[in-house]
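Understanding the architecture of this molecule
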Amino acid sequence: MGVDLRQVVAGILTITMFVMLGQMLHRDYYDSLQEKAQGDAHDIEFEGSRVSVKDSLVGALEGNKGPWMDDNNDLNPCWPTLLSDEAVSSKGYVTFSLTNGPEYHISQITDAVMVAKHLGATLVLPGIRGSKPGDERNFEDIYDADKLIKSLENVIKVVKQLPEQVSLRDIAIVKVPTRVTEDYIKEHIEPIFKSKGNIRVATYFPSVNLRKSSQDGETDPVSCLAMFGSLELQPELNAVVESMIERLRTHSSKSGGRFIAVDLRIEALEKKNCHSTGVGGSKTCYNAQEIAVFLRKLGFSGDTTIYLTQPRWDSSLNILKDIFPKTFTKEAVMPASKRSKYLESESSEYENVIDFYISSRSDVFVPAISGLFYANTVGKRIALGKPQVLVPAEISETSSLATDFISPYISKKNHLAYSCFC
């Protein structure tokens, strides 16, 4: 049988193309220089690189492409039944606002509930303030008010509005450190409450670290309930999040419907202090190329679906899409009928909330940026039994195991959430 010369030439060209492509990927992507990076003064360090997973904390799924891991559904709420009777409250009121995004809302709700509980006061449902002046929303625009009131009914009384007879001039503003304790409330807040009768709580954040410490003692069960059992999205917004997750899973047919969420926002990466090393040489943010290389070296296939928290597509993300073509920002997976309401608003509050809840529900979460979003997303994932949080790092080898990069919050079980789930 004669040999077709055209087939021979075509074969040689095909082999040459694959060799050149492999060299390009190795040179441009895998061996690229990575800038040192740091977040602002309140950022959480990722605590460096490799952390071993012990006691079968997470198990790899067999027979599937990519280093996907099982969910862990063994944890349950370990706070006891709080009160069997309806909460008794005084005539005084505690008011507050939710600010700065969902990662702050969780702590603000928790602190306000703690203060109201230990003062025996009535909690007033908060408004939501955005980052821009005049950017205000009702609590019910984003969260389920009835769910919150019902969940706390045996702890404190919650009302939707401050009674008209209560003058704003009669309300004292009190600054409260996040993770406020009963002792702090008795010493610093109770005297003001007894004097004024009503207070407005403003939570401040001495640290955005949510690690457990030996000084914490036993976590107050009221705090656990407020943090993990009270805050849910209102039905319409929750349905939008569900539809986006479903669409991402549809794109992920080859990986069993699993997808990765990456918290990567260009604006944060462009901050000046995001381009130097943090304490101990660890980095606090990673760019699109570094994330692509990290995921590829862990063995995620090019067919993996990735969701980015970046508001809109940016050309700097192209390198990530080159390696992982199924990379999307929210406008690509949100139902067209909902975009005008949730994406074209001047406020970014809706978008931040959507990012937080998708990142909490994804099969894998990768924080390209350290901070409270990372810390509270991990807490939410612990509550949901989704421990696969992979902290980026430079990998010198050509490949590595995903379990080497599980967040220390999970591998060391030192997140505050482990005080509430057992």
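The rules we used
Residues numbered from 1 in each chain as written. Predicted model: local features only at pLDDT ≥ 70, side-chain atom pairs only at ≥ 80, totals over all residues. Heavy atoms only, no water. UniProt positions renumbered as here; feature names shortened; annotations may be inferred. Salt bridge = Lys/Arg side-chain N within 4 Å of Asp/Glu carboxyl O. Helix = DSSP H or I, 4+ residues; strand = E, 2+ residues; numbered from the N terminus. Buried < 20%, exposed > 50% of the residue type's maximum accessible area, 1.4 Å probe, protein only. Core = buried A, V, L, I, M, F, W, Y, C linked by side-chain atoms within 4.5 Å. Contact = heavy atoms within 4.5 Å. Pairing = 2+ DSSP bridges. Axes fitted to C-alpha atoms, helices over the stretch in contact; angles between N-to-C directions. Expected span 1.5 Å × (residues − 1). 1 Å grid on protein atoms, 1.4 Å probe; cavity = no way out; pocket = protein on both sides within 12 Å on 5 of 7 lines; lining within 4 Å. Points joined across faces, edges and corners; volume = space filled by probe spheres on them. Nonpolar A, V, L, I, M, F, W, Y, C, P; charged D, E, K, R; others polar. Phe/Tyr/Trp six-rings, centres within 6.5 Å; stacked < 30°, edge-to-face > 60°. Lys NZ or Arg CZ within 6 Å of the ring centre and 35° of its normal. Left-handed = near helix turned anticlockwise from the far one by under 90°.

The name an unreviewed UniProt entry gives the chain is O-fucosyltransferase family protein, with Brassica cretica as the organism. As stated in UniProt under Sequence similarities (unreviewed entry), the record for the chain gives "Belongs to the glycosyltransferase GT106 family."

Re the pattern of salt bridges
Counting across every chain of the model gives 15 salt bridges. When the shortest N-O distance is used, the salt bridge between Lys-186 and Glu-182 registers 3.4 Å. Note that Lys-186 and Glu-182 are positioned in helix 5 (residues 182-196) at a spacing of 4 residues, about one turn of the helix. Residue class for Lys-186 comes out partly exposed when judged on its relative accessible area of 46%. Relative accessible area serves as the criterion here: at 32%, Glu-182 is assigned to the partly exposed category. Within this structure, Arg-312, Lys-330, Glu-351 and Asp-355 form a network of salt bridges that share partners.

A closer look at the nonpolar core
With 115 residues, the main nonpolar core has Tyr-143 and Ile-199 as its most contacted residues. Broken down by element, this core gets its largest block of residues, 8 residues, from helix 2 (residues 102-119). With sequence-adjacent residues up to four places away left out, Tyr-143 is seen in contact with Leu-98, Pro-102, His-105, Ile-128, Leu-231, Glu-232, Leu-233, Gln-234, Val-353 and Tyr-357. If you look at the next biggest cluster of nonpolar residues, it comprises 5 residues, including Tyr-93, Val-159, Val-166 and Ile-171.

Quick notes on the sheet that holds strand 10 (residues 305-308)
If you walk across this open sheet you meet the 4 strands as 11-10-9-12, and the pairing is parallel. Two strands in the sheet have a free side with no partner beyond their single neighbour: strand 11 (327-328) and strand 12 (364-367). Where strand 9 (residues 259-263) and strand 10 come together, 4 bridges link them in parallel fashion. Considered in strand 10, the bridge of Val-262 is made with Leu-308. Packing of helix 14 (residues 372-384) onto the sheet brings it into contact with strand 9 and strand 12, and relative to strand 12 it is tilted by some 165°.

Thoughts on helix 14
With 13 residues, helix 14 extends 18 Å between its outermost C-alpha atoms, agreeing within 8% with the 18 Å of an ideal straight helix rising 1.5 Å per residue. With 10 of its 13 residues buried, helix 14 lies for the most part within the structure. Along helix 14, the residues classified as buried are Leu-372, Phe-373, Tyr-374, Ala-375, Asn-376, Thr-377, Val-378, Gly-379, Arg-381 and Ile-382. On its buried face, helix 14 is in contact with helix 2, helix 6 (221-229), strand 9, helix 13 (349-361), strand 12 and helix 15 (408-411). The positive-phi residue at the C-terminal boundary of helix 14 is Gly-385, with phi of around 75°.

So, the layout of surface pockets
Space inside the second largest pocket adds up to approximately 480 Å³. Taken together, 21 residues make up the lining of the second largest pocket; nearest its centre are Phe-96, Val-124, Leu-125, Pro-126 and Gly-127. Secondary structure elements with two or more residues in the lining of the second largest pocket: strand 4 (127-129), strand 5 (136-137), helix 3 (139-142) and strand 7 (171-177). With 3 residues, strand 4 is the single largest residue contributor to the lining of the second largest pocket. Considered class by class, the residues forming the lining of the second largest pocket number 10 nonpolar, 5 polar and 6 charged.

Considering the packing of aromatic side chains
With the rule as written, the count across this model stands at 10 aromatic pairs. Relative to Phe-205, the ring of Tyr-104 has its centre 4.9 Å away and its plane inclined at 85°; by these criteria the two rings are edge-to-face. Of the two residues, Tyr-104 sits in helix 2 while Phe-205 sits in the loop between strand 8 (198-204) and helix 6, which places them 101 residues apart along the sequence. Note on Phe-205: relative accessible area 16%, which makes it buried. Relative to Phe-405, the ring of Phe-294 lies with its centre 5.5 Å away and its plane at 90°, an arrangement referred to as edge-to-face. Of this pair, Phe-294 sits in helix 9 (residues 288-297) while Phe-405 sits in the loop between helix 14 and helix 15, placing them 111 residues apart in sequence. Put simply, the rings of Phe-356, Tyr-357, Phe-365 and Phe-373 touch in pairs and so form one group of aromatic residues. One cation-aromatic arrangement involves Lys-321 over Trp-313; the distance from NZ or CZ to the ring centre is 5.1 Å. In this structure, Lys-321 is placed above the aromatic ring of Phe-328, and the distance from its NZ or CZ to the ring centre is 5.2 Å.

As for the packing of helix 2 against helix 14
Viewed as axis vectors pointing N to C, helix 2 and helix 14 meet at an angle of 65°, and their least axial separation amounts to 8 Å. Here helix 2 and helix 14 pass one another in a crossing that is left-handed. The residues of helix 14 that touch helix 2, namely those facing Glu-103, Tyr-104, Ile-106 and Ser-107, are Leu-372, Phe-373 and Asn-376.

Things to note about the pairing of strand 7
Across a regular strand the side chains alternate sides, sitting on one face of the sheet and then on the other. In terms of residue burial, strand 7 counts as a mostly covered element, since 5 of its 7 residues are buried. Pairing geometry for strand 7 and strand 8, over 7 bridges, is parallel. Bridge pairing in strand 8 places Ala-172 opposite Ile-199.

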